[in-house]
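Structural overview
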Amino acid sequence: MPSARWKNDWNLVIGGVALLVIGLVCLFYPGMTLAILAMLVGVGFLVAGAASLVSYLRLRTYLLPVRWTLGYAIVDVVIGLVFLLHPLAVQAVLPWLCGLFVLLLGAYEMVAALGLRAVAVDAWRWAFASSLISILMALIFFFVPQILAILIGLFAVMQGISFIVYGYSFSSSELMR
């Protein structure tokens, strides 16, 4: 299976390079980062709300529980509009949401690192260190929310480097042990 190994390794490397670039943009343009994030999240919620509304309209005569879909559509549209129309509110909430996400990712990464250690994959140390850094960054999101864009940039750079390391470190023989 050398071709599957090659493809998987390059997917990680390419993803890592993309995260590295995104992280550097966040570090060099922090003000723009928060505005773009608010806009993207707002548009995402609006699209999700529109999709839920279309789903509700298509299925409302067939399934009674589909009424919840209308509720989700309304909530998504309202959240999307809040993110687009009140970016200052987004800047107040976004650090907490990002902190929660990074904390959960760090915990997952730690469990995965210990799993890699159990099967003697050499990259487990980097994964474990990365998990500790992720958890530390999550705590910084919670306690110093003003530096959100810089922390997003640092997190993306760190994850990009991790993906690149993993892309070059794993071989199919290591993963099959």
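Residues numbered from 1 in each chain as written. Predicted model: local features only at pLDDT ≥ 70, side-chain atom pairs only at ≥ 80, totals over all residues. Heavy atoms only, no water.

Notes on the packing of aromatic side chains
Rule in force here: Under the pairing criterion, centres of Phe, Tyr and Trp rings, with the six-membered ring standing for Trp, must be within 6.5 Å; the plane angle then separates stacked pairs below 30 degrees from edge-to-face pairs above 60, leaving the rest tilted. As a reminder, the over-ring test applies to NZ of lysine and CZ of arginine, requiring each to be within 6 Å of the ring centre and within 35 degrees of the ring normal.
Evaluated as defined, the whole model comprises three aromatic pairs. Lying across the ring of tryptophan 124, arginine 117 places its NZ or CZ 5.0 Å from the centre.

Re the nonpolar core
To keep it simple, the criterion reads: As used in this record, nonpolar core signifies buried Ala, Val, Leu, Ile, Met, Phe, Trp, Tyr and Cys residues forming a set joined through side-chain atoms within 4.5 Å. Throughout, exposure labels follow a simple rule: accessible area from a 1.4 Å probe, protein chains only, divided by the maximum for the residue type, with under 20% read as buried, over 50% as exposed, and the rest as partly exposed. Secondary structure elements follow DSSP: runs of H or I of four or more residues count as helices, runs of E of two or more count as strands, with numbering from the N terminus. Here, residues are in contact when the closest pair of their heavy atoms is within 4.5 Å.
If you look at the biggest cluster of nonpolar residues, it comprises 17 residues, and the most contacted ones within it are Cys98, Val102, Met137, Phe141, Leu148 and Ile152. Where this core is concerned, the elements lending two or more residues are helix H2 (30-59), helix H4 (87-118), helix H5 (124-143) and helix H6 (148-169). Counting residues per element, this core draws most heavily on H6, which supplies six residues. Not counting the four nearest positions on each side in its chain, isoleucine 152 is found in contact with Cys26, Leu37, Cys98 and Phe141. Ranked by size, the runner-up nonpolar core spans seven residues in total, among them Leu116, Val121, Ala123 and Tyr166.

A few points about the environment of leucine 151
Locating leucine 151 in the fold gives a position in helix H6. The class for leucine 151 is buried, based on a relative accessible area of 4%. Remark: the alpha-carbon pair of leucine 151 and leucine 27, spanning 124 residues in sequence, is separated by 8.1 Å. Residues in contact with leucine 151, not counting those within four places in the same chain, are Met137, Ile140 and Phe141.

Side note on the packing of H5 against H6
Cut-off, in case you're wondering: The convention used is that axes are lines fitted to C-alpha atoms, helices contributing only their stretch in contact, and that angles between N-to-C directions extend from 0 to 180 degrees. Comment on the angle field: the value is read as roughly parallel under 35 degrees, roughly antiparallel over 145, roughly perpendicular from 65 to 115, and oblique elsewhere. All amino acids are sorted into three groups, where Ala, Val, Leu, Ile, Met, Phe, Trp, Tyr, Cys and Pro are nonpolar, Asp, Glu, Lys and Arg are charged, and the leftover types, Gly among them, are polar.
Put simply, H5 and H6 touch, their axes get as near as 11 Å, and they point 170 degrees apart. Relative to H6, H5 is oriented roughly antiparallel. In this structure, H5 contributes Trp126, Ala127, Ser130, Ile133, Ser134, Met137, Ile140 and Phe141 to the contact, and H6 contributes Leu148, Leu151, Ile152, Leu154, Phe155, Met158, Gln159, Ile161, Ser162, Val165 and Tyr166. Counted by class, the contact of H5 with H6 contains 15 nonpolar, four polar and no charged residues.

Side note on the packing of H4 against H6
Our working rule: Two helices cross in a left-handed way if the nearer one is turned anticlockwise from the farther one by less than a right angle. They cross in a right-handed way if the turn is clockwise.
With their axes 11 Å apart at the nearest point, H4 and H6 run at an angle of 25 degrees to one another. Put simply, H4 runs roughly parallel to H6. As for the relative orientation of H4 and H6, their crossing is left-handed in sense. Contacts from Leu94, Pro95, Cys98, Phe101, Val102, Leu105 and Glu109 of H4 reach H6 at Leu148, Ile152, Phe155, Gln159 and Tyr166.

Notes on the layout of surface pockets
Here is the rule: The definitions used throughout rest on a 1 Å grid laid over the protein atoms alone, on which a cavity is an enclosed set of points accommodating a 1.4 Å probe that cannot get out and a pocket is an open set flanked by protein within 12 Å on both sides along at least five of seven lines; lining residues are those having an atom within 4 Å of a point. Grid points are joined across faces, edges and corners, and a volume is the space filled by probe spheres set on the points.
By volume, the largest pocket amounts to about 310 Å³. Residue lining of the largest pocket: Leu19, Ile22, Leu37, Leu94, Leu97, Cys98, Phe101, Val102, Phe141, Ile152, Phe155 and Ala156, and that is the complete set. Sorting the residues of the lining of the largest pocket by element identifies helix H1 (2-28), H4 and H6 as the ones contributing at least two each. Top element by residues in the lining of the largest pocket is H4. It accounts for five residues. For the lining of the largest pocket, the residue count by class is twelve nonpolar, no polar and no charged. Computed from the structure, the second largest pocket encloses a volume of approximately 240 Å³.

Re the side chain of aspartate 76
As a reminder, the rule being used: His is not counted, nor are the chain ends, whereas Lys and Arg count as positive and Asp and Glu as negative. The term salt bridge refers to a pairing of a side-chain nitrogen on Lys or Arg with a carboxyl oxygen on Asp or Glu at a separation within 4 Å.
Summarising the element assignment, aspartate 76 is placed in helix H3 (residues 67-85). Buried and without a salt bridge, aspartate 76 has arginine 58 as its closest oppositely charged side chain, separated by 15 Å. With near-sequence residues (within four places) excluded, aspartate 76 lies in contact with Phe45, Leu46, Ala48, Gly49 and Ser52.

Notes on H4
Spelled out, the test is: One less than the residue count of a helix, multiplied by 1.5 Å, gives the span that helix is expected to have. Axes are fitted to the seven residues ending at a residue and to the seven starting at it; the angle between these axes is taken as the bend at that residue.
The end-to-end C-alpha distance of H4 is 45 Å, a good match for the 46 Å that 32 residues give at a rise of 1.5 Å each. The sharpest bend along H4 reaches about 35 degrees and sits at valine 93, with the proline proline 95 one to four residues further on. Those residues of H4 lying buried are Val90, Leu94, Pro95, Cys98, Gly99, Val102, Gly106, Glu109, Ala113 and Leu116. Those residues of H4 that are buried are in contact with H2, H3, H5 and H6. Once H4 finishes, alanine 120 follows within two positions and takes phi at roughly 60 degrees, a positive value.

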